[in-house]
Amino acid sequence: MKNTDQYKCPVGKQGRNVAAAMNRGHKNLTTWGLTFVDISPESIILDVGCGGGKTIARLTKLASKGKVLGIDHSAEMVRYSEKVNKKLVEEKRVQIFERSVVNTGFSDNYFDLVTAFETYYFWPNLQSAFEEIKRILKPKGKFLMTNEMIKDGVYEVKHAEIIKEAQLCLYPIGDIKKLLESVGFKDVKVFTKEGSAWNTVLSYKLGGN
Ligand SMILES: C[S@@+](CC[C@H](N)C(=O)[O-])C[C@H]1O[C@@H](n2cnc3c(N)ncnc32)[C@H](O)[C@@H]1O
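Residues numbered from 1 in each chain as written. Predicted model: local features only at pLDDT ≥ 70, side-chain atom pairs only at ≥ 80, totals over all residues. Heavy atoms only, no water.

Caption draft 1: Region of interest: the packing of aromatic side chains. Scanning the entire structure with this criterion turns up 11 aromatic pairs. Consider the rings of Trp32 and Phe36, whose centres lie 5.0 Å apart with planes at 80°: the pair is edge-to-face. Looking at Trp32, the relative accessible area reads 13%, which means it is buried. On the numbers, 5.6 Å between centres and 75° between planes, the contact of Phe97 with Phe106 is edge-to-face. You can call Phe106 buried: its relative accessible area is 10%. What links up through ring pairs into an aromatic cluster is the set Trp32, Phe36, Phe191 and Trp198. Over the face of the ring belonging to Trp198 we find Lys193, whose NZ or CZ atom lies 4.8 Å from the ring centre. (Phe/Tyr/Trp six-rings, centres within 6.5 Å; stacked < 30°, edge-to-face > 60°. Buried < 20%, exposed > 50% of the residue type's maximum accessible area, 1.4 Å probe, protein only. Lys NZ or Arg CZ within 6 Å of the ring centre and 35° of its normal.)

Next comes the structure, spelled out in C-alpha cells:
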C-alpha cells in the first residue's frame, strides 16, 4: 500500500507514519492559513479531520484560555492525536472524537471557530458538511478551510498523480465559495498564495467583522 492511500483514512503503522509526516509537512501551510483569522484567547475551536493532531496543539496556544476539540473519522488518528496532545487532554483543554464531519454530534451554536486543513476533498458530501459546520458554529462563528491543492486547470494537472492516488475530490475554489454561500455562509473570502496552489477560504455564519 502506498502512503497516498492512507491520506483519506489512516490506519495501522503506516497510518501513524503518515500522521507524523503530515504533522511535519503541513506546518507551513497551517501557519499561512491561520494568518487569515483572528482568534481570541477564550475561543472554543473545532479542528475537523485533525489527523496527527499538531494543529490542535497550535490552536490551544492561540486560544490560550479556551478549548480545542478535534474530530477525525479515523480511530487511528484519534488515538494518535490524543497521544500528541496528552498533557492538554489530561488538563481537559483538548478533546478528540472519532466522528465524521457530516455528523459531528455537537450542539447547535457551540463553536467560535471551525478549522479544516487539507481534508475537505475526502468528505463524502461537501454540502452536508458545510451545513453541519454552520449548525455547530455560534452566530458570530467563523469557518476556516486551508488546502495546498486547487482545481484550476494548472495545479490540478501539476498534482494529477497525487490527486488520483489519494482519491482526492477537488472542487474549483469558485464552486466552494458558491456552495458556502448557498448554505448560508456570509462574507466568504478566498485567499491564494502567489505562485502556488495554496488556498484559504474564510467564511462567517452570520457575517464578518
Ligand atoms: C490529509 S489528512 C490532513 C490531516 C490534518 N488536518 C493535517 O493538516 O495534517 C486528512 C484527514 O482528514 C480525515 N478525514 C477524511 N474524511 C473525513 C471525514 N468525513 N470526517 C472527519 N475526518 C475526515 C482523515 O482521516 C485524515 O486524518
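Let us keep going from here.
Caption draft 2: Spatial organisation of the sheet that holds strand E4 (residues 111-117). Reading across from one edge, E3-E2-E1-E4-E5-E7-E6 is the order of the 7 strands in this open sheet, with mixed pairing throughout. On the outer flanks of this sheet lie strand E3 (94-98) and strand E6 (186-192), each paired with one strand and no other. Recorded for the sheet is a direction-independent mean angle of 15° between the axes of neighbouring strands. Bridge analysis of E6 against strand E7 (residues 199-204) gives 5 bridges, and the strand direction is antiparallel. Residue pairing in the sheet places Thr192 in a bridge with Asn199 of E7. Of the strands in this sheet, E4, strand E5 (137-147), E6 and E7 are in contact with helix H2 (residues 27-34), which crosses E5 at around 140°. Where helix H4 (residues 75-84) meets the sheet, it contacts strand E2 (67-72) and E3, and its direction lies at approximately 165° from that of E3. (Pairing = 2+ DSSP bridges. Helix = DSSP H or I, 4+ residues; strand = E, 2+ residues; numbered from the N terminus. Axes fitted to C-alpha atoms, helices over the stretch in contact; angles between N-to-C directions. Contact = heavy atoms within 4.5 Å.)

Caption draft 3: Representation of the site of the ligand in the model. Surrounding the ligand, one finds 22 residues, the nearest of these being His26, Gly49, Asp72, Phe117 and Thr119. Protein chains bury 98% of the 600 Å² of accessible surface belonging to the ligand in isolation. Here the residues of the shell around the ligand are counted per class, giving 11 nonpolar, 7 polar and 4 charged. (Near = heavy atom within 4 Å. Areas by Shrake-Rupley, 256 points an atom, 1.4 Å probe, with all protein chains shown as cover. Nonpolar A, V, L, I, M, F, W, Y, C, P; charged D, E, K, R; others polar.)

Caption draft 4: Structural context of unusual backbone geometry. Of note, Gln167 is a non-glycine position whose phi angle comes to about 55°, a positive value. Looking at the secondary structure, you find Gln167 in the loop between helix H8 (160-165) and helix H9 (173-182). The partly exposed category is assigned to Gln167, whose relative accessible area is 47%. We note that Asp187 has phi near 50°; this positive angle belongs to a residue other than glycine. With respect to the element layout, Asp187 can be found in strand E6.

Caption draft 5: Inspection of helix H6 (residues 126-136) at higher detail. Within H6, burial applies to Leu126, Ala129, Phe130, Glu132, Ile133 and Ile136. Down the axis of H6, the buried side of the element spans an arc of 160°, and every buried residue falls inside it. Among the structural elements, strand E1 (44-48), E4, E5 and H9 are those in contact with the buried residues of H6. If you check the start of H6, you find a side-chain oxygen 3.1 Å away from the backbone N of Gln127, and it comes from Asn125. (Arc of directions from axis to C-beta. Polar contact = N/O pair within 3.5 Å; in protein donor to acceptor, adjacent residues only side chain to side chain.)

Caption draft 6: Geometry of the packing of H2 against helix H3 (residues 54-62). Viewed as axis vectors pointing N to C, H2 and H3 meet at an angle of 35°, and their least axial separation amounts to 11 Å. For the element pair H2 and H3, the recorded crossing hand is right-handed. Note on element contacts: H3 touches H2 through Thr55, Arg58, Leu59 and Leu62, opposite Lys27, Thr30, Thr31 and Leu34. Looking at the contact of H2 with H3 residue by residue, the classes come out as 3 nonpolar, 3 polar and 2 charged. (Left-handed = near helix turned anticlockwise from the far one by under 90°.)

Caption draft 7: Quick look at the side chain of Asp47. With respect to the helices and strands, the residue Asp47 is situated in strand E1. For Asp47, the side chain forms a polar contact with the side chain of Thr115, separated by 2.8 Å.

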